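Coordinate analysis (summary)
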Number of protein chains: 2
Amino acid sequence: MRGTEKLKQSIIENFGTPCPVIDLDIVEKNIKRAQRLCDEKGLGNRPHIKTHKSPILAKMQIASGAKGITCQKLGEAEVMVDAGITDIIIATNILGASRSGRLAALQKRIGLKVCADNPVSIGAYSEAAHTAERVMDVMIECDTGQKRAGVETPSEAIALAQIIKDDPMLNFAGLLFYPPCDGWVRTQGFWNQTKAGLESLELSAKIVSTGGTPNFQNIGQLDGATEHRAGTCIFNDLMMINAGVAGLEDCAFQVFTSVVSRGGWNRGILDAGSKTLTSDQFGLEGFGRLLEHPNAVIERFAEEHGFLNLSKCQNEPQVGDIVRVIPNHVCVAVNMVDQLIAIRGDEIVDIIPVTARGKLV
Amino acid sequence: MRGTEKLKQSIIENFGTPCPVIDLDIVEKNIKRAQRLCDEKGLGNRPHIKTHKSPILAKMQIASGAKGITCQKLGEAEVMVDAGITDIIIATNILGASRSGRLAALQKRIGLKVCADNPVSIGAYSEAAHTAERVMDVMIECDTGQKRAGVETPSEAIALAQIIKDDPMLNFAGLLFYPPCDGWVRTQGFWNQTKAGLESLELSAKIVSTGGTPNFQNIGQLDGATEHRAGTCIFNDLMMINAGVAGLEDCAFQVFTSVVSRGGWNRGILDAGSKTLTSDQFGLEGFGRLLEHPNAVIERFAEEHGFLNLSKCQNEPQVGDIVRVIPNHVCVAVNMVDQLIAIRGDEIVDIIPVTARGKLV
């Protein structure tokens, strides 16, 4: 991002600080890169919209070649369907929304692809499909080492596939993986065994999905995969730099923030705190990087303040300076705000609503 | 909170999960307690609305005897002024909003009380007051050990008071303290010295404000204090329990969440993650307490999942169960959501918008 004084003035005069900004030139470059990585391996690209939560940006991804999108919440999917997007995987067990009737209501509008790792979720999907009078595609989420959601053995996956097969309102649609970066060999073993089991049930997995921006380094390594879903890569952040899949120049999202106080020669205070940048740390030093002062450390937060340790700075920021911060974790930072200010070079060009922000269910 | 199965059913059928809920009976009890603590010490009560961000709840506090409110952001103050509240301290250096013209615009509508710990902020206030053609009340923020914002010596405070005195568009209104729980003696010394210096300038502090719910244990200990501002006490949370100023029965805010997966005998997965409960930890074990399973530990988060360690549970939650979570830090958790579901006993009685959520500037 070419952050000139002119741009900073224009941001603060029009919006004040802190102000969440995205550079559309970098966004476009990042979208093309994800598409190219998938194309090169013959994989469908199904970006996860949890990072941007914006139908405008989802449509840019689809225009660039994405076959559909991934959502994490039913509320996100509702927003995307409202905007005309219809090929959607919801990549989680949906219980809270199914019992509220909203899953059935959305299934009536489009045929969703949902995920399960247990019979209770499958039962909820069956009920929603009955209510919607429309067969629902169900994928099985598999855990090959992350210890997040997902069945942990091929035999569990096959048992769930059998339940789906036996239900006339459900259609077995495939498998969802999020392999650990060092777990792709194990994932291949899991898939091979599961595939054999599915064949004995006369089932085949139309979709075999891998996930994660950190897995850009492994993309295409699973023989049998049909598509990849990555979210963070549209903006990138310090976690992705730390994972080795992005550089500072690939970070499209920055928070413009004012230095509002100093508190001594080695301290400084920003007007962005945990309610803007969030407390996500993931083992990184501090809570974000200041582009203008790479040796400054955001040591801790109050809700609306970031406390800088400037001991290692040659050239300390002064009260009134505007500085730009790349967050540790962009997905949660974007989730704090209702809109993103879009720039190209030094010009403000658009305001993009984070339409699916706050969709808890 | 009397969480019956009936209430849980009603929450999930009407809203799904995760769902942020406040118990109005507890809220009212907490509001009365804060007022009583201030009344007993002859202090004005000026609650900090950063915790609830709701004009409806701010007006309940005023109806209960609060003399005005405290805000942390100009955007929060704008929302409160729109709702008819006019006695407002903004308890921070306001640079980002003053340069956008919004400070002057709000000053034109009501006479604000703003805070500064440096001459740059005071300069910005002077400019805004000129633009608004209305004298602005300025308080000096003093740091007596928290190492947050605030001047660190009485002489700095007095020097800033002189600058304010010399500016015809500014009025010196007093001092703002947030003493550490063990720093009230030091704060008394700071205030005594500052008071003498102010007298030599022929100034007096109309407002001497102390702050913090954790300081309920010290309220009234500063001779010369005129009012107290506390935020978290309206809802309370695990941090306040840990600080010894609240019990579990005083926690008005809970997230109703579904167990959506298990992943083995000693694991469980909630549909509330860092985008709902936030990563704020403050040295506590885990990321929230499950009322139904006090021995379950929310060990880590994904954005939309909470990962439970159930090793110490006698009676593990099952997939499909609805459980209630008290967060570590309620102020940031409320800031994630657009509305709070209000209950009394087992009945849903209202939906309260978090109107000032997302007001970054």
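Values in this document were obtained by computation on a predicted structure and should not be read as measured data.

All names here are of chain A. Read across the open sheet, the eight strands follow the order β2-β9-β8-β7-β6-β5-β4-β3; overall the sheet is parallel. Edge positions in the open sheet fall to β2 (44-45) and β3 (69-71), since each of these has one partner strand only. Here strand β8 (residues 207-211) runs beside strand β9 (residues 227-229); their pairing, made up of three bridges, is parallel. Opposite Thr210, over in β9, you have His228 as the bridge partner.

Here the focus is the packing of helix α5 (residues 102-109) of chain A against helix α6 (residues 119-132) of chain A. All names here are of chain A. Put simply, α5 and α6 touch, their axes get as near as 8 Å, and they point 50° apart. Put simply, α5 runs oblique to α6. Along this stretch, α5 crosses α6, giving a crossing that reads as right-handed. From α5, Leu103, Ala104, Gln107 and Lys108 reach across to α6, where they touch Ala128, Ala129, Thr131 and Ala132.

If you look at the biggest cluster of nonpolar residues, it comprises 237 residues, and the most contacted ones within it are Ile90 and Val138 of chain A together with Ile90 and Val138 of chain B. If we ignore the near neighbours within four places in the chain, the residues touching Ile90 of chain B are Cys71, Leu74, Ala77, Leu112, Val114 and Cys115 of chain B.

Let's shift gears to the sheet that holds strand β9 (residues 227-229) of chain B. All names here are of chain B. Pairing in this open sheet of eight strands is parallel, and the strands run β2-β9-β8-β7-β6-β5-β4-β3 from one edge to the other. On the outer flanks of this sheet lie β2 (44-45) and β3 (69-71), each paired with one strand and no other. For β3 and strand β4 (residues 88-90), the ladder comprises three bridges, and the chain directions are parallel. When the sheet's bridge partners are listed, Ile69 is paired in β4 with Ile88.

Here the focus is the pairing of β8 of chain A. In terms of burial, β8 of chain A is largely enclosed, as four of its five residues are buried. Each parallel crossover has a hand, and for strand β7 (residues 170-177) of chain A linked through helix α8 (residues 184-200) of chain A to β8 of chain A it is right-handed.

This part is about the relation of the copies chain B and chain A. Overlaying chain B with chain A gives an RMSD of 0.0 Å, the required rotation being 180° about an axis along which the chain moves by 0.0 Å. Both copies of the chain, as the preceding transformation shows, are related through a two-fold rotation axis. Rotation axis and chain B: the residue whose C-alpha lies nearest the axis is Ser279 of chain B, separated from it by 2.7 Å.

To continue, consider the packing of helix α7 (residues 154-166) of chain A against α8 of chain A. Residues and elements named next belong to chain A. Packing of α7 against α8 brings their axes to within 9 Å, and their N-to-C directions diverge by 35°. Two packed elements cross with a definite hand, and for α7 against α8 that hand is right-handed. Here Pro154, Ala157, Ile158 and Ala161 of α7 come into contact with α8, specifically with Phe190, Gln193, Thr194, Gly197 and Leu198. Its residues assigned to classes, the contact of α7 with α8 shows six nonpolar, three polar and no charged.

Turning next to helix α4 (residues 74-82) of chain B. Residue and element names in this part refer to chain B. Counted residue by residue, α4 has seven buried out of nine residues, so it is predominantly covered. Listed as buried for α4 are Leu74, Gly75, Glu76, Ala77, Glu78, Val79 and Met80. On its buried face, α4 sits against α3 (55-63), β3, β4 and α5 (102-109). Looking one or two places after α4, you find Gly84, whose phi comes out positive at around 100°.

All names here are of chain B. Here Gly231 lies in the loop between β9 and α9 (238-242). Looking at Gly231, the number of C-beta atoms within 10 Å reads 23, which means it is buried. The sequence separation of Gly231 and Ala34 amounts to 197 residues, and the corresponding C-alpha distance is 9.7 Å. With near-sequence residues (within four places) excluded, Gly231 lies in contact with Pro47, His48, Lys50, Thr51, Thr213 and Cys331.

With that out of the way, let us pick up the domain arrangement of chain A. Residues and elements named next belong to chain A. Domain annotation of chain A identifies domain 1 (5-23 + 239-353) and domain 2 (41-234). Distance between the C-alpha centres of domain 1 and domain 2: 34 Å. Listing elements by their share of the side of domain 1 that touches domain 2, those giving two or more residues are α10 (330-334) and β17 (347-353). Of the residues forming the side of domain 1 that touches domain 2, the biggest block, three residues, is contributed by α10.

Basis of the calculations
Residues numbered from 1 in each chain as written. Chains lettered and ligands numbered in written order. Predicted model: local features only at pLDDT ≥ 70, side-chain atom pairs only at ≥ 80, totals over all residues. Pairing = 2+ DSSP bridges. Helix = DSSP H or I, 4+ residues; strand = E, 2+ residues; numbered from the N terminus. Axes fitted to C-alpha atoms, helices over the stretch in contact; angles between N-to-C directions. Parallel < 35°, antiparallel > 145°, perpendicular 65-115°, else oblique. Left-handed = near helix turned anticlockwise from the far one by under 90°. Contact = placed C-beta atoms within 7 Å. Core = buried A, V, L, I, M, F, W, Y, C linked by C-beta atoms within 7 Å. Buried ≥ 20, exposed ≤ 12 C-beta atoms within 10 Å, placed from the backbone. Right-handed = clockwise from strand over helix to strand, strands pointing away. Least-squares fit on C-alpha atoms with pLDDT ≥ 70 in both. Nonpolar A, V, L, I, M, F, W, Y, C, P; charged D, E, K, R; others polar. Domains from an automatic or database assignment.

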